[in-house]
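Now for the letters of each chain:
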Amino acid sequence: MTNLEQLIEDEKKKHAAKLKRLRAKAEKEEQELLLRVARLLEEHEPERFAQYRDHAARLVEQERAGRAERAKAARASQQQHEPGDAAAPAGDGGGY
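Summarised in this report is the structure supplied together with it. Everything numeric in this text was worked out from a predicted model, so none of it was measured. (Residues numbered from 1 in each chain as written. Predicted model: local features only at pLDDT ≥ 70, side-chain atom pairs only at ≥ 80, totals over all residues. Heavy atoms only, no water.)

This next bit is on the overall build of the protein chain. The secondary structure content of the protein chain amounts to two helices and zero strands. Scored against the burial criterion, the 96 residues of the protein chain give a buried share of 1%. Only carbon and sulfur atoms are counted for the fraction: they give 55% of the accessible area of the protein chain, which is about 9200 Å². (Helix = DSSP H or I, 4+ residues; strand = E, 2+ residues; numbered from the N terminus. Buried < 20%, exposed > 50% of the residue type's maximum accessible area, 1.4 Å probe, protein only. Areas by Shrake-Rupley, 256 points an atom, 1.4 Å probe, with all protein chains shown as cover.)

Printed below as a string of structure tokens:
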């Protein structure tokens, strides 16, 4: 690798690291803003806040249950396709 190629590679790495930091900072600022909005909503409209909080909790639980179900299905599918599995069909159809 030439010196110029190494310099270019180093600059690309610096740029990628800077972008990663900027994205993390923007995400943190967005989270802080959402938290402030939630606190204001809770303070000014507690009934509506409770409704949204409960709805969000149900959505989180549904997503969790969905992930668990998909993981269970993936494990079951993987077990069905493993070679040497007792539940796998015989290779020749069996018998003489």
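That shown, we press on.
What follows is about the pattern of salt bridges. Taken as a whole, this structure holds four salt bridges when the rule is applied. The residue Glu11 makes a salt bridge to Lys14 at a minimum N-O spacing of 3.6 Å. Taken as a pair, Glu11 and Lys14 lie in helix α1 (residues 3–44) at a separation of three residues, close to a single helical turn. For Glu61, the salt bridge is made with Arg64, and the minimal N-O distance between the two is 2.9 Å. Of this pair, Glu61 and Arg64 both sit in helix α2 (residues 46–81), three residues apart, roughly one helical turn. Overall, the relative accessible area of 44% leaves Arg64 in the partly exposed class. (Salt bridge = Lys/Arg side-chain N within 4 Å of Asp/Glu carboxyl O.)

Here we take up the packing of α1 against α2. Two elements in contact, α1 and α2, have axes separated by 5 Å at closest approach and are oriented at 130 degrees. One finds that α1 runs oblique with respect to α2. Counting all contacts with α1, which are made through Ala38, Leu41, Glu42, Glu43 and His44, the residues of α2 involved are Pro46, Arg48, Phe49 and Tyr52. A breakdown of the residues in the contact of α1 with α2 according to their chemical character gives five nonpolar, one polar and three charged. (Axes fitted to C-alpha atoms, helices over the stretch in contact; angles between N-to-C directions. Parallel < 35°, antiparallel > 145°, perpendicular 65-115°, else oblique. Contact = heavy atoms within 4.5 Å. Nonpolar A, V, L, I, M, F, W, Y, C, P; charged D, E, K, R; others polar.)

Turning to a nonpolar patch on the surface, a few remarks are in order. A surface patch of nonpolar side chains, about 290 Å² in accessible area, is lined by Leu4, Leu7 and Ile8. Judged by its relative accessible area of 42%, Ile8 is partly exposed. (Patch = residues over 30% accessible without salt bridge, like charges linked within 9 Å, V, L, I, M, F, W, Y side chains within 5 Å.)

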